Amino acid sequence: MSTITDRIDGITQIPPSRMKAALPAPRSVKIEISPRCNYRCGFCALRSREVQPKWDMDFGLFKRVTREMREAGVEEVGVFYLGESFMNPRLLVDCIAWLKHELGMPYVFLTSNASMAFPEAVEECMKAGLDSLKWSVNAAEEEQFEKIMGVAGRLFRNALENIRCAWHVRRDKGYKTGLYASSISYDGEQQIKMEALLSQSVRPYVDHHYWLPLYSMGAFATQRESELGYRPTAGNQGRIGALREPLPCWSAFTEGHITAEGKLSACCFDATANWTMGDLNKVPFMDAWNSPAFVSLRAAHLKKDVRGTVCENCIAYG
């Protein structure tokens, strides 16, 4: 697969061979290096946490579960999940280096809001072997940024400067990391403003940019979305141009999601441990991946009837 959208589409499309309740290891797993974030985005599942976590992932746990994953056949690891991994750049770099140099993981990727991705930290990630770094750019101007992200406008300027610097670091030092960006697709005047920003400050500094729908984050915060004027798309149906049906949900079949505290979740937006399928502090990765709870949930998805399951209240099925 040569492009980031090819990789994304390969994960969000469930092949016939994976239309089963009990499965071999997923090709891809996302791991929450840090559950913390310096943004307070109105659309993000992190806002559903009553108390924000203070502890990042234990490196010893990370090494054990990733070794189990690699031995089981996992080929791609995202060193992020819901939080902002540049909140702990030292741990982030150590995790990338472990994956690439100790485990020989074929593909390691990261998504960031860019505001804390300072050139020095980005260079260390590239040097450690990071294959893909994608920026989330979801505001067209400082005023909108402050409203949606809930933080000072200076972080908007910081993010754009860091995106530019990352491009120059890669060019000047000859690193191979792919640089990408994605944005939420809005309507009308806002979309015109986004296009102007992207053309001037983002697209010149990435290899590829693509659009995403506004996800509902697993039935989270519909009141907050309404307050901000959002019209969310059900669940996580992938990127615009390759949207998927909500049932069965690809998140439970093709990609693993691990929280900083070591819980394997069935949902790509699980900020509150509602979709926990196994505790990796207690069981090996594959035992959690095919736990009775996970097998039962997948069976319900395959029947396209999730009534009585943890997925019942997701906006995707409402």
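Draft legend 1. Quick peek at the sheet that holds strand 7 (residues 255–258). Taking strand neighbours across the sheet as the criterion, the nine strands line up as 6-5-4-3-2-1-7-8-9 in an open arrangement whose pairing is mixed. Each of the sheet's edge strands pairs with one partner strand only, and the pair in question is strand 6 (208–212) and strand 9 (276–279). Strand-to-strand twist in this sheet, taken as the mean axis angle between neighbours without regard to direction, amounts to 25°. When strand 8 (residues 263–265) meets strand 9, the two strands line up antiparallel, connected through three bridges. Looking at the pairing, Lys263 lines up with Asp279 of strand 9. The sheet strands contacting helix 6 (residues 154–173) are strand 4 (132–136) and strand 5 (178–184), and the helix crosses strand 5 at an angle near 160°.

Draft legend 2. Structural view of the side chain of Glu32. Position of Glu32 among the secondary structure elements: in the loop between strand 1 (28–31) and helix 2 (59–72). The class of Glu32 is buried, set by a relative accessible area of 1%. A polar contact is formed between the side chain of Glu32 and the backbone nitrogen of Gly83, at a distance of 3.4 Å. Side-chain polar atoms of Glu32 contact the backbone nitrogen of Ala260, separated by 3.1 Å.

Draft legend 3. Quick look at the pairing of strand 4. Burial within strand 4 is extensive, with four of its five residues counted as buried. Here four bridges tie strand 3 (residues 107–112) to strand 4, and the two strands are oriented parallel to one another. Within the sheet, the bridge partner assigned to Thr111 lies in strand 4 and is Lys134. Across five bridges, strand 4 lies against strand 5 in parallel orientation. Each bridged residue has a counterpart across the sheet, and for Ser136 the counterpart in strand 5 is Ser182.

Draft legend 4. Quick peek at the packing of helix 4 (residues 119–128) against helix 6. Interhelical geometry of helix 4 versus helix 6 gives an angle of 45° and a closest axis separation of 9 Å. On the basis of their axis angle, the class for helix 4 and helix 6 is oblique. The chirality of how helix 4 crosses helix 6 is right-handed. Where helix 4 abuts helix 6, its residues Pro119, Val122, Glu123 and Met126 lie against Asn162, Cys165, Ala166, Val169, Arg170 and Lys173. Of the residues that constitute the contact of helix 4 with helix 6, the class distribution is six nonpolar, one polar and three charged.

Draft legend 5. Main features of the pattern of salt bridges. All chains considered together, the criterion is met by 18 salt bridges. With a shortest N-O distance of 2.8 Å, Arg7 and Glu76 are connected by a salt bridge. In this pair, Arg7 is assigned in helix 1 (residues 4–12) and Glu76 in strand 2 (residues 76–78), connecting sequence segments 69 residues apart. Exposure remark for Glu76: the relative accessible area of 5% places this residue in the buried category. Across the pair Glu141 and Lys193 runs a salt bridge, and its minimum N-O distance is 3.6 Å. Of this pair, Glu141 sits in the loop between strand 4 and helix 5 (142–149) while Lys193 sits in helix 7 (residues 188–202), placing them 52 residues apart in sequence. Lys193 sits in the partly exposed class, given a relative accessible area of 30%. When salt bridges that share partners are traced, they join Arg7, Arg27 and Glu76 into one network.

Draft legend 6. Geometry of the side chain of Asn162. Tracing the backbone through its elements, the reader meets Asn162 in helix 6. For Asn162, a relative accessible area of 5% corresponds to the buried category. Separated by 3.3 Å, the side chain of Asn162 and the backbone oxygen of Ser115 make a polar contact. Once residues lying within four places of it in the same chain are set aside, the contact partners of Asn162 are Ala114, Ser115, Met116, Ala117, Phe118, Pro119 and Trp135.

Draft legend 7. How the structure looks around the environment of Ser201. Along the chain, Ser201 falls in helix 7. Taking relative accessible area as the criterion, Ser201 reaches 17% and is therefore assigned buried. Each C-alpha atom of the pair Ser201 and Leu160 lies 6.6 Å from the other, and the pair is 41 residues apart in sequence. When sequence neighbours within four positions are dropped, the list of residues in contact with Ser201 reads Leu160 and Ile163.

Draft legend 8. The packing of aromatic side chains, seen in detail. By the definition in use, this model includes six aromatic pairs. Consider the rings of Phe145 and Phe156, whose centres lie 5.5 Å apart with planes at 55°: the pair is tilted. Within this pair, whereas Phe145 is found in helix 5, its partner Phe156 is found in helix 6, the two being separated by eleven residues in sequence. Accessibility assignment for this pair places Phe145 and Phe156 in one class, buried. Ring geometry for Trp289 versus Phe294: centroids 5.3 Å apart, planes at 75°, classification edge-to-face. Here a set of aromatic residues connected by ring pairs shows up, and it is made of Phe80, Tyr107 and Phe109. Between the NZ or CZ atom of Arg7 and the centre of the ring of Tyr107, over which it lies, the distance is 3.6 Å.

Definitions and limits used
Residues numbered from 1 in each chain as written. Predicted model: local features only at pLDDT ≥ 70, side-chain atom pairs only at ≥ 80, totals over all residues. Heavy atoms only, no water. Pairing = 2+ DSSP bridges. Helix = DSSP H or I, 4+ residues; strand = E, 2+ residues; numbered from the N terminus. Axes fitted to C-alpha atoms, helices over the stretch in contact; angles between N-to-C directions. Contact = heavy atoms within 4.5 Å. Buried < 20%, exposed > 50% of the residue type's maximum accessible area, 1.4 Å probe, protein only. Polar contact = N/O pair within 3.5 Å; in protein donor to acceptor, adjacent residues only side chain to side chain. Parallel < 35°, antiparallel > 145°, perpendicular 65-115°, else oblique. Left-handed = near helix turned anticlockwise from the far one by under 90°. Nonpolar A, V, L, I, M, F, W, Y, C, P; charged D, E, K, R; others polar. Salt bridge = Lys/Arg side-chain N within 4 Å of Asp/Glu carboxyl O. Phe/Tyr/Trp six-rings, centres within 6.5 Å; stacked < 30°, edge-to-face > 60°. Lys NZ or Arg CZ within 6 Å of the ring centre and 35° of its normal.

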